[in-house]
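Topology and contacts: notes
As a plain string of letters, each chain reads:
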Amino acid sequence: MSLFKKSILPLSPHTISIHRHISARSIGSMASEASKQVHRITMFKIPDPSNIQPILDKYSTMAQDAKKVFFQARFTLLMAVFLLVSTQDGKPYILRCVAGPAVNDARSQGYTLAAQTTFSSLDDMKYYDNECEAHAALKAVAKGKVEPPPLMVCFDNAVGTSS
C-alpha cells in the first residue's frame, strides 16, 4: 500500500503560515536547556527541478562541512593589538542532516525539497543560521533558485528517541 493512500489530514495554508515566521523569542523559549537537541525541518519551493540537485549536493556534506569556530577579540594593552583566539575546536556540530526531493503529491503543497537537521543545542542552531560558513555556502547556491521564504520549523523531541 502506498504511503500516500493512507488517510492523512493535509496541512492547511493557514497552519503553514503560522510556522513560517518563527521569531527568535519563540525559538528561545523552545529549548530551556542549552544542551537539549533541536530538530529543524526546512522545506523549499524550487520551481526548476534542475536546481534541486546542486542544493542537495551541499546538503550531502553539510554535517561534515559545518564546523563551529568562534573567535574572541582580546586587546592587550602592552602590545596595543587585537588577538583573535579560537574558543572552539573546529569539529562538526550538526548531529544529523538528511535531505531529499519531496514526493510529488498534493499534500506537498508545492514544496519540492525538504531537509531535516538535528543540532545538539539551540545555540548550535543559532550559530548555523548566523555564522556558519557551510550554511552560507548553501544559501549562496540556493540564491535565486528558491521561492522565498523557505518554510522552517524547529522542535524539541517530545516522543521517541533522538537518534
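Only a predicted model underlies this, so the values are computations on that prediction, with no experimental measurement involved.

Section: the pairing of strand β1 (residues 38–44)
Along β1, five of the seven residues are buried, which leaves the element largely enclosed by surrounding structure. Sheet analysis places β1 next to strand β5 (residues 113–119), joined by seven bridges and oriented antiparallel. Bridging across to β5, Phe 44 finds its partner in Leu 113. Alignment of β1 against strand β6 (residues 151–155), held across five bridges, turns out to be antiparallel.

Description of the packing of aromatic side chains
Evaluation of the coordinates by the stated rule reveals four aromatic pairs. With a centroid separation of 5.3 Å and an interplanar angle of 85°, the aromatic rings of Tyr 93 and Tyr 127 are classed as edge-to-face. Here Tyr 93 is found in the loop between β3 (81–86) and β4 (94–101), whereas its partner Tyr 127 is found in helix α5 (residues 122–130), with 34 residues between them in sequence. Neither Tyr 93 nor Tyr 127 differs from the other in exposure class; each is buried.

Side note on helix α6 (residues 133–142)
All of the buried residues along α6 are Ala 134, His 135, Leu 138 and Ala 142. The arc that holds the buried residues of α6, viewed along the axis, is 100°, so those residues lie on one side. Counted as exposed and oriented over 90 degrees from the buried face of α6: Glu 133 and Ala 140. The secondary structure elements touched by the buried residues of α6 are β1, α3 (52–60), α4 (62–65) and α5. Once α6 ends, the next one or two residues include Gly 144, with phi positive near 80°.

Conventions adopted
Residues numbered from 1 in each chain as written. Predicted model: local features only at pLDDT ≥ 70, side-chain atom pairs only at ≥ 80, totals over all residues. Heavy atoms only, no water. Buried < 20%, exposed > 50% of the residue type's maximum accessible area, 1.4 Å probe, protein only. Helix = DSSP H or I, 4+ residues; strand = E, 2+ residues; numbered from the N terminus. Pairing = 2+ DSSP bridges. Phe/Tyr/Trp six-rings, centres within 6.5 Å; stacked < 30°, edge-to-face > 60°. Arc of directions from axis to C-beta. Contact = heavy atoms within 4.5 Å.

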